[in-house]
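Descriptive analysis of the structure
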Amino acid sequence: MGEDIERLGEELPNFRISAAVVRQLGEELVSDELTAIMELVKNSYDADADWVKISINTNDELQENELTYNNKKGYIIIEDNGHGMDYNDIISKWLFISVSHKRQMKKIGGVTKKGRTPLGDKGLGRLSTQRLGQVLEMFTGVEDQIDLHHVAFDWNDFTDEAALEKVNTNYNKHSKPKNRKGTRLIISDLRDSNIWIGDAADKFRGQLSKLIFPFKEARPFNIYLTINGQKNDLDEISDKLRKQAISNYKFQFDGSKLIVEGSLKLAKLQGNSNEKRELFNRLISADSGSDFYNFLKSPIDNKKNFLTDLRYLGAEGVFATFHREFDFEKDIKKETIIDDKTWEPIPANPGFFWGEIDEYNLSGTEEIESAYDKLSEYKQLVKNQVGVRIFRDGFGIKPYGMEDNDWLKLSKSQTSGGSFYLLRPENVIGFVSITARGNKFLTEKTDREGFIDSPYSKNFFSIINLAIQNINEVLDRTRRSYDDFKKKDAATKGKITTFKDTKSRLLQTAKESNEIEEQAKTIQNNLSITATKVSSTIERIKSEPLFSSTEENKALSILEEVNKILTEASNLFEKVNHILSLAKKLESDANYLEPKIDELENQIIQFSELAGLGITAEAFTHELYNIIDRVSAQTDQAIKTVKRENSEKTNFFIYAENVKSSVSAIRRQLNHLAPSLKFNRETKQTIRLSTFAEELSEYYETRFDGKINVQVEVINDFNININKGKLTQVTDNLILNSEYWLKEALKSKKDLNPMIKIEIKSPFISISDNGFGIVPSHEGTLFQAFVTTKPTGQGRGLGLFIVQQLLESVDSTITLLSKRNENLRRYIFQINFDSILS
């Protein structure tokens, strides 16, 4: 065929490309003017520039002799002192669309002369200019050469009819000093001048500021912005502003371990109202928070919310600090990838990164008021930089932390707790720092709007969310503890230990108020009569001084003073009588509150039971879906087999057996759930622990389908008198927790033979597994509500809290034994049933 074409002298067919395709590419890949500017700035960074200047002028025409296109109103100049380009670079790289030497450099781990890993790798950055204006002129040159290369073209020439190679680039060459290097882009005939004027210009400056690393000393290079002749300083976060933060948090992931640290200032507890500040001054400021810290750490005084890993500082306005560590292999839920050498699944490690978050009080404190002339100035500085942003080598990645983008979902964790609250999106300034070299698997989308969804990015976000989760846990426990500390103070001052004390006081006050009300009214009436007589005497002496005795005239001033006092006393008694009338009603208030409080306490008990039931129901539902899927798959396969064989229907007998087996499995699931249902929860029975454990083992062996072994060891068997539903909920929580972490352990330890062990030794039952063990930082707070290291949405931190509450309701206890496994972690839960032995 080829020979025939050659013989006829015809040209071989080949692809051609319309110039409009390049223009279309730019429009699709560059979403807005900010992205366009940043892509060009990143090119300057990749060229080892020390600085880049951005000059925007919407009013004038740029008149330069070397320009190909003149008389174009409005222009943008982007200039740097990078290494520039020579003729070969322009031909083989800059004009060769989508070809990028940077991509290859990143692939082999190469860096520039200044040690920078290139940020660009798609070969499309120069297309960004069309988002800004119609005309582009580039002047560029390298050091030790006198040639200044000039390329100019109009994006309007990139039409459907024009072939790409036919677009005129107007190449020219000028002279320059040999020591001069760098690139100068001139973009004219601006597409939209309005975005560089007024409020829109302020918004652009603010957005550009957010895409440059906020701490000046760590910025990769300097960026200078001028708009219509006015220099615009890009916002920086100064040490002065950082010192006003009421708390600071740091986290770092080194590839194997996550470290989370934080420091809380005393001002975090202060509150905004005068009443709260006065209480703060008395309870916290007086001793720099020392008493509160002791309360916060005490598992006796602060049983529900104590913190074990807090360290008291009490200096320089800092209340306390904390430090927590999590092992990537053992403690963090992670996605896996297939290793290209072993073809085994391995965790997708996102690489080293670190971050900081500062929290601010926009209501102001005495320290802030002394540091800034105006509170409004301080507020504006915070609002300009608010948000937690992600930076790669000092350049922000959209949309994280931009335009109210709450990628950490801080708003969902907000509480309405007055003076103390969790991290809030409008009150924090922070960053996460990654690098092109150290985090090469965190790949940005082509349009530069976030990361590509991958196991690496999922693990990256999972690690950061774990850090935020722990920060919020410390804040929440501190807030709750402070509330309890204030209640304790109120109880101590008022000698109140229970509601009965409060009720007795209310009733006594009502009784005494009732008794003295009539007496108070009589005294008030007598005061009024006496005041009237004194007033009449004063009036008579003043009106008839000649007829008054010498003693009366001398006593006039005293009588006037007495009259004033009597009048004030009468008014005071009027208020007292009003208070007494209200106090009489306290008896009714106390009687009204008592059943309400009893009802509330009863609801809390029911909550523990229902929450435990919910976890069991979740597991049941999940397993039910698995069974239904299995039945559906087997049905489809059987039908296909019969159709293919078109003979004996033996497979349908097999299918029928599978259906029977699945129905039986569903029945076992229902039987397992039944004891936990409300109508059965109050019935107690004598249970032989070995029998119960064997039933439990059989049930979970079926559920785990042989993937997790459940071992029962009976050393000294015994009976207990308990509701079977409660016992089931307790053991379910412990075993389901083991199941979750054993599955996570399997992602890192391929040779692990997962096992859950149930040991019976009167009066104890112990449950453990051969996973990694309990995170050391959570050993002391494990049984508190909402303590978990599972990702948000996958764990509520209620399981062990519910276990403890259910056991307390039957006079039993649970502890985490001090014995440690091969990972030097505690791992055995022991339940003491001594009080309910049968």
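See the structure above.
Residues numbered from 1 in each chain as written. Predicted model: local features only at pLDDT ≥ 70, side-chain atom pairs only at ≥ 80, totals over all residues. Heavy atoms only, no water.

Let us look at the sheet that holds strand S17 (residues 395-396). With mixed pairing, 8 strands are arranged side by side in an open sheet as S11-S12-S10-S9-S15-S18-S16-S17. Across the chains shown, the open sheet's two edge strands, defined by having one partner strand only, are strand S11 (310-315) and S17. Of the strand pairs in this sheet, strand S16 (residues 387-392) and strand S18 (residues 428-434) are connected by 6 bridges, and their pairing is parallel. Among the inter-strand pairings, Arg389 is bridged to a residue of S18, identified as Phe431. In this fold helix H9 (residues 290-297) packs onto S11 and strand S12 (318-327), with an angle of close to 180° to the strand it touches most, S11. (Pairing = 2+ DSSP bridges. Helix = DSSP H or I, 4+ residues; strand = E, 2+ residues; numbered from the N terminus. Contact = heavy atoms within 4.5 Å. Axes fitted to C-alpha atoms, helices over the stretch in contact; angles between N-to-C directions.)

Its place among the elements puts Glu359 in strand S15 (residues 353-359). Ignoring any residue separated from it by four or fewer positions in sequence, one finds Glu359 in contact with Ala245, Ile246, Ser247, Tyr249, Lys268, Tyr421, Leu422, Leu423, Asn427, Val428 and Leu475.

Moving on to the environment of Asn172. Inspection of the secondary structure assignment puts Asn172 in strand S5 (residues 172-175). Using a relative accessible area of 39% as the deciding quantity, one classes Asn172 as partly exposed. Apart from residues no more than four positions distant in its own chain, Asn172 is found in contact with Leu148, His149 and His150. (Buried < 20%, exposed > 50% of the residue type's maximum accessible area, 1.4 Å probe, protein only.)

Tallied over the full model, the rule gives 35 salt bridges. Of the charged contacts, one joins Glu356 and Arg242 as a salt bridge, the two residues approaching to 2.5 Å between their closest N and O atoms. Pair noted here: Glu356 is in strand S15 and Arg242 is in helix H7 (residues 239-242), with a separation of 114 residues, a long-range link. Here Asp483 and Lys486 are joined by a salt bridge, their closest N and O atoms 3.7 Å apart. With Asp483 and Lys486 both in helix H13 (residues 455-494) and 3 residues apart, the pair spans about one turn of that helix. By relative accessible area, Asp483 is classed as partly exposed at 28%. (Salt bridge = Lys/Arg side-chain N within 4 Å of Asp/Glu carboxyl O.)

This part takes up the sheet that holds strand S7 (residues 222-227). Within a sheet, each strand pairs with its neighbour through backbone hydrogen bonds, oriented either parallel or antiparallel. The strand order S5-S4-S3-S6-S2-S1-S7-S8 describes an open sheet built from 8 strands, whose pairing is mixed. Strand pairing shows two members of the sheet lacking a second neighbour, S5 and strand S8 (230-232), which therefore form its edges. Adjacent strand axes in the sheet meet at a mean angle of 20°, parallel and antiparallel pairs treated alike. Relative to the sheet, helix H4 (residues 87-94) contacts strand S3 (133-141) and strand S4 (147-154), its axis offset from that of S4 by approximately 35°.

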